[in-house]
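# Coordinate inspection notes
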Amino acid sequence: VQLQASGGGMVQTGGSLRLSCAASGRTFGTRNMAWFRQAPGKEREFVAAIGWSGKRIKYADFVQGRFDISRDTAKTTVSLQMHRLKPEDTAVYYCAAATDKYGPPSRLVDGYTYWGQGTLVTVSS
């Protein structure tokens, strides 16, 4: 599975961005997908995950209803729509595909083997 993330940029506090992750590989439809982020000097942290069928979704507590993760199996893409962005959301955002097929989506970095290159989101105050 190869992943290509896009959609990052600079926005003001309260703005919105939509991140997309294009996946290649025949097993995309059987793998859970997730978004993580990493701010300068900090560890990579979980943002959101969606199950292989699109039915199971998990969010980090800090999301607080501001983000929506979705997947389009036909187009092999996973998206993260972000609203009401805050300066603390500034980070490089990575999409990831799970190590194992099927199963529940994980919040852990170790649960994902395939990673995109990251896309930078900057939120100015």
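Our structure's up above, just so we're on the same page.
Calculation rules
- Residues numbered from 1 in each chain as written.
- Predicted model: local features only at pLDDT ≥ 70, side-chain atom pairs only at ≥ 80, totals over all residues.
- Heavy atoms only, no water.
- Helix = DSSP H or I, 4+ residues; strand = E, 2+ residues; numbered from the N terminus.
- Rg over C-alpha atoms; globule rule 2.2 N^0.38 Å.
- Contact = heavy atoms within 4.5 Å.
- Areas by Shrake-Rupley, 256 points an atom, 1.4 Å probe, with all protein chains shown as cover.
- Lys, Arg positive; Asp, Glu negative; His and termini not counted.
- Charge placed at Lys NZ, Arg CZ, Asp CG, Glu CD.
- Buried < 20%, exposed > 50% of the residue type's maximum accessible area, 1.4 Å probe, protein only.
- Pairing = 2+ DSSP bridges.
- Salt bridge = Lys/Arg side-chain N within 4 Å of Asp/Glu carboxyl O.

## Some words on the overall build of the protein chain
- Of the regular secondary structure elements, the protein chain holds zero helices and 11 strands.
- When the helices and strands of the protein chain are listed from N to C terminus, the series reads β-β-β-β-β-β-β-β-β-β-β.
- Relative to the compact-globule value of 14 Å for 125 residues, the protein chain shows a C-alpha radius of gyration of 13 Å, a close match.
- Based on the C-alpha atoms only, the size of the protein chain along its principal axes is roughly 40 × 25 × 25 Å.
- Residue pairs at least 24 apart in sequence account for 58% of intrachain contacts in the protein chain once pairs closer than 6 positions are excluded.
- Of the roughly 6,500 Å² of accessible surface on the protein chain, 50% is carried by carbon and sulfur atoms.
- Computing the positive centroid from 16 side-chain charges and the negative centroid from 9, the protein chain places the two 7 Å apart.

## Thoughts on the pairing of strand 7 (residues 67–72)
- Only one face of strand 7 is buried: it carries Phe67, Ile69 and Arg71, and the other face, with Asp68, Ser70 and Asp72, is open.
- As paired strands, strand 7 and strand 8 (residues 77–82) are joined by six bridges and run antiparallel to one another. Bridging across to strand 8, arginine 71 finds its partner in valine 78.
- Where strand 7 folds back onto strand 8 in an antiparallel hairpin, the turn is made up of four residues, including threonine 76, whose phi is positive at roughly 50 degrees.

## Some points on the environment of threonine 113
- By the element assignment, threonine 113 lies in strand 10 (residues 112–115).
- Between the C-alpha atom of threonine 113 and that of valine 1, which follows or precedes it by 112 residues, the distance is 9.2 Å.
- Beyond its immediate sequence surroundings of up to four residues, threonine 113 is in contact with Ala97, Ala98 and Thr99.

## A look at the pattern of salt bridges
- Using the criterion set out here, one finds three salt bridges in the structure.
- Look at the salt bridges and you will find they share partners, linking Arg37, Glu45, Arg66 and Asp89 into a network.

Nothing here speaks to function; it is all geometry.
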